[in-house]
Amino acid sequence: MTARFNHTIIAFHEPEAMAEFYTDLLEVEEVESWGVFTNIRIGDGVLLQFATPPIEFPPQHYAYRLDDDFDRAYAKIIERGPEHWADPRRALPGAINHDHGGRGVYLLDPSGHYLELLTGAYV
């Protein structure tokens, strides 16, 4: 059996703003939205669906492997000024890491979810 990741729903109070943030940062494709979902598509056809949940939600962690696009994404972070860190505990502000033979950075999206952008896989 070959399982492939297809989609996830990311909770947010302003789905359109969230989709715009991700579309800009990750340079991804906009796709048709429906119902309560505002949708974008990232690599491998994975659908990210942004929706306002009926309950409060805790922050989640989403990691995106960028490889050749890391420099462009990091330049956008520097240009736009959101806080970012080299580590998930936010102890190394304004820097990137060189863990696992690649590079990585952590930041918060507009809803407070933890984003990790990295160039290499952990395993």
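Naming follows an unreviewed UniProt entry, where the protein appears as VOC family protein of Candidatus Agrococcus pullicola.

Enquirer: What should I look at first to understand helix 1 (residues 15-26) in this one?
Expert: Three- or four-residue spacings in an α-helix give side chains the same orientation, since the helix completes a turn every 3.6 residues. End to end, helix 1 covers 16 Å across 12 residues, agreeing with the expected 16 Å (1.5 Å per residue, within 8%). Where helix 1 ends, the next residue or the one after it, Glu27, has phi of about 50°, a positive value.

Enquirer: Would you mind going over the packing of aromatic side chains with me for this structure?
Expert: The way to describe two aromatic rings as a pair is by their centre distance and the angle between their planes. Inspection of the entire model under this criterion finds 4 aromatic pairs. For the pair Tyr22 and Tyr64, a centre-to-centre distance of 6.0 Å together with 70° between the ring planes defines the contact as edge-to-face. Of this pair, Tyr22 sits in helix 1 while Tyr64 sits in strand 5 (residues 61-65), placing them 42 residues apart in sequence. Taken together through their ring pairs, the aromatic side chains of Phe21, Tyr22, Phe50 and Tyr64 make up a single cluster.

Enquirer: Got a minute to help me understand the pairing of strand 8 (residues 114-118) in this structure?
Expert: Consecutive side chains along a regular strand alternate between the two faces of the sheet. The element strand 8 is extensively covered by neighbouring structure, given that 4 of its 5 residues are classed as buried. In this sheet, strand 8 lies alongside strand 5 in parallel orientation, the contact comprising 5 bridges. Residue pairing for strand 8: Arg65 is matched across the bridge by Leu118. Sheet analysis places strand 7 (residues 104-108) next to strand 8, joined by 5 bridges and oriented antiparallel. Paired with Val105 across the bridge in strand 8 is Leu117. Hairpin geometry of strand 7 and strand 8 is characterised by an intervening segment of 5 residues between the two adjacent antiparallel strands and by a positive phi of about 95° at Gly112.

Enquirer: Please explain the side chain of Thr38 as it appears in this structure.
Expert: Here Thr38 is to be found in strand 3 (residues 38-41). Leave out the neighbours within four places in its chain, and Thr38 touches Pro15, Glu16, Ala19, Ser33, Leu48, Gln49 and Phe50.

Enquirer: Please explain helix 2 (residues 70-80) as it appears in this structure.
Expert: Those residues of helix 2 not exposed but buried are Phe70, Ala73, Tyr74, Lys76 and Ile77. The buried residues of helix 2 occupy an angular sector of 155° when the element is viewed end-on, so they sit on one face. The secondary structure elements touched by the buried residues of helix 2 are helix 1, strand 6 (84-85), strand 7 and strand 8.

What counts, and at which threshold
- Residues numbered from 1 in each chain as written.
- Predicted model: local features only at pLDDT ≥ 70, side-chain atom pairs only at ≥ 80, totals over all residues.
- Heavy atoms only, no water.
- Helix = DSSP H or I, 4+ residues; strand = E, 2+ residues; numbered from the N terminus.
- Expected span 1.5 Å × (residues − 1).
- Phe/Tyr/Trp six-rings, centres within 6.5 Å; stacked < 30°, edge-to-face > 60°.
- Buried < 20%, exposed > 50% of the residue type's maximum accessible area, 1.4 Å probe, protein only.
- Pairing = 2+ DSSP bridges.
- Contact = heavy atoms within 4.5 Å.
- Arc of directions from axis to C-beta.

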